[in-house]
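# Structural features, examined
Here's the letter readout for the chains.
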Amino acid sequence: MKDSSTHSLPASPDLAWARCLHEIRPEVETQRFKTWFEPIKAESLEVGQNGAWLTLRLPSRFHGDWLVTQYGRLLERVVSVVLGDSGRVTYTYEAIQPRIESSVAPVTAPSVDRLIGGREAVKAHVSSERRRAVATGASLHPKYTFERFVVGDCNRLCASAARAIAENPGATSFNPFFVYGGVGLGKTHLIQAVANHVVDEKTASSVHYVSSEQFTASFVWSVRNNKMGAFSNLYRNLDVLIVDDVQFLSGKRKTQDEFFHVFNSLHQAGKQIVLSADRPPTEIDGIDEYLISRFQWGMLADMQMPDAKTRMAILEQSAKEQGIDMSVDVLRFIADNVKNNVRQLEGALTKMLAVAQLNAVPVDVPLAQRILSDMLGSSKQGHSIDFIADVVSAHIGIPTTELRDRSRRRPIVFGRHVAMYFAKQLSGKPLTSIGRFFGGRDHSTVLHAISSIEQQIEYDREVRQTVDAIRRKLQTASAG
Ligand code: ADP
Ligand code: MG
């Protein structure tokens, strides 16, 4: 058993919480980790005779209640690992604008102290400087603003619509505004920028940002605890409702019904609704037709992979903000090689910086090359269809031109199908572009080709070996 007097304590609240997160991360599913743990901040770390006491700041009381019912034991365990056996944790909450608070408070009635057996005192602490929390209920990232959102051809439409909405919520025809696109392309950043703008410029008196997972949890909790009155009160009296990642409503019938009512009452009252998802409404399974059709009432905008120029601009901004002095060549190298996810782009920059600092050397292109190859080697990105076709063609001994032609000879068809299979996995390009590249074929032909290869991989050892060998070549190529 650990003895608290000899336990080496973290030097700051942030460090203590960082260590806790480090322990928690492997135990919790990623999406849940992001929803429930990432928004938490360390408020203070007090060390007394009876042990250390970590105070965490949570976005809302509801968040606290949910967290403790779901993860109370995990938190206690982790805190005792990090702070020693007598380590304790308490919670405080972001302030909520009074207008909203009156409706939020009853939703979150049973207080955390009861849920965790009275071991910890709860300081529901309201501070006037917590401007970011005004009227939002969930945490807004202060850096997710329009000023920091780099606009390029890939996202111009989304960005200007979002701005128009933020300036005049409910008054544009973009209602709802539905933005969709793959992971890490900036959807959350953009829709939070709407919320931040509304708060900063006071273009509406209440705005609520919530992930669909939080919405669901809040709904379920309210039903169980007979607080639906308060729940409806909160959601139906907003000027702007922003719901992130609505695809997670999939399969949740009751929540969808409730969301449908919320949607209708806000929309009818001319209030603004902003939604995001990882795919267009029609491709979301498990959500009722009546909601899907409403999602398409206003404006649908897709967020595309950033083009090279935008990637470079994002990197330059990021480097400047962090005071990173890195040559343009290196930045360009990163921008040219990390192609389909902005989060990864920023990750690459951070990694370069860390390596440079550890080794006390400036990062040059060859070093950047080595660092990136580690990152990209294991990830599914970075190859053009052209390049994939060439590698496949070289491996099976059929010229690329034939793969791109319309020949139906068996070995050629096989090679073409394998190339399509890898193009889907590694190029990040849509099926239509892949089809166009391989002799102007349509999207369903490509799908068919891919599933044919997938089946052959299952049943035919030779095919599996060929495909594996090509995969290794493609991986080596990305690491070189
Ligand atoms: P998504 O919600 O689509 O998965 P995020 O909004 O979380 O993506 O974006 C991932 C990261 O990339 C964030 O740190 C965000 O600030 C950054 N980012 C994405 N697009 C842009 C952009 N156009 N300009 C600046 N930063 C961006
Ligand atoms: Mg997101």
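Details of the structure are given in the entry above.
Residues numbered from 1 in each chain as written. Chains lettered and ligands numbered in written order. Predicted model: local features only at pLDDT ≥ 70, side-chain atom pairs only at ≥ 80, totals over all residues. Heavy atoms only, no water.

### Details of the sheet that holds strand β8 (residues 299-302)
Note on sheets: strands pair through backbone hydrogen bonds, and any given pair is parallel or antiparallel. In plain terms, the rule: In short, DSSP must find at least two bridges between two strands for them to pair. Where helices and strands are cited, they refer to DSSP runs of H or I of at least four residues and of E of at least two residues respectively, numbered from the N terminus. All axes here are fitted lines through C-alpha atoms, helices being fitted over the stretch that makes contact, and every angle between N-to-C directions spans 0 to 180 degrees.
Strand order in this open sheet of 5 strands is β5-β6-β7-β4-β8, and the pairing throughout is parallel. The open sheet has two edge strands with one neighbour each: β5 (207-211) and β8. Ignoring which end each strand starts from, the neighbouring axes of this sheet average 15 degrees apart. Judged from the 4 bridges that link them, strand β6 (residues 240-244) and strand β7 (residues 272-277) form a sheet pairing that is parallel. Bridging from a neighbouring strand, L241 pairs with I273 of β7.

### Let's talk about the packing of aromatic side chains
As a reminder, the rule being used: Here a Phe, Tyr or Trp ring, Trp counted by its six-membered ring, pairs with any other such ring whose centre lies within 6.5 Å, and the pair is stacked when the planes are under 30 degrees apart, edge-to-face when over 60, and tilted otherwise.
Summed over all chains, the structure comprises 15 aromatic pairs. Taking the centre distance of 5.4 Å and the plane angle of 65 degrees together, the rings of F215 and F231 count as edge-to-face. With F215 in helix α8 (residues 212-224) and F231 in helix α9 (residues 228-236), the pair connects residues that are 16 residues apart, well separated along the chain. Judged by centre distance (5.1 Å) and plane angle (75 degrees), the rings of Y421 and F422 are edge-to-face.

### Quick word on the nonpolar core
The criterion, for reference: Remark: nonpolar core denotes a set of buried residues (Ala, Val, Leu, Ile, Met, Phe, Trp, Tyr, Cys) joined through side-chain atoms within 4.5 Å. Burial classes follow relative accessibility: with a 1.4 Å probe on protein chains only, a residue under 20% of its type's maximum area counts as buried, one over 50% as exposed, and anything between as partly exposed. Throughout, a contact is declared for two residues whenever any of their heavy atoms are within 4.5 Å.
Formed by 30 residues in total, the largest nonpolar core has its most connected members in W17, I24, F37, L54, L67 and Y91. For this core, the secondary-structure elements that each account for two or more residues are α1 (13-24), α2 (30-37), β1 (41-48), β2 (51-58), α3 (61-83) and β3 (88-93). Per-element tally for this core: the top contributor is α3, with 10 residues. F37 has contacts with W17, L21, I24, V28, R32, L67, Y71, L74 and L75, leaving out every residue within four places of it along the chain. Core analysis: the second largest hydrophobic core is formed by 28 residues, V391, F422, F438 and A449 among them.

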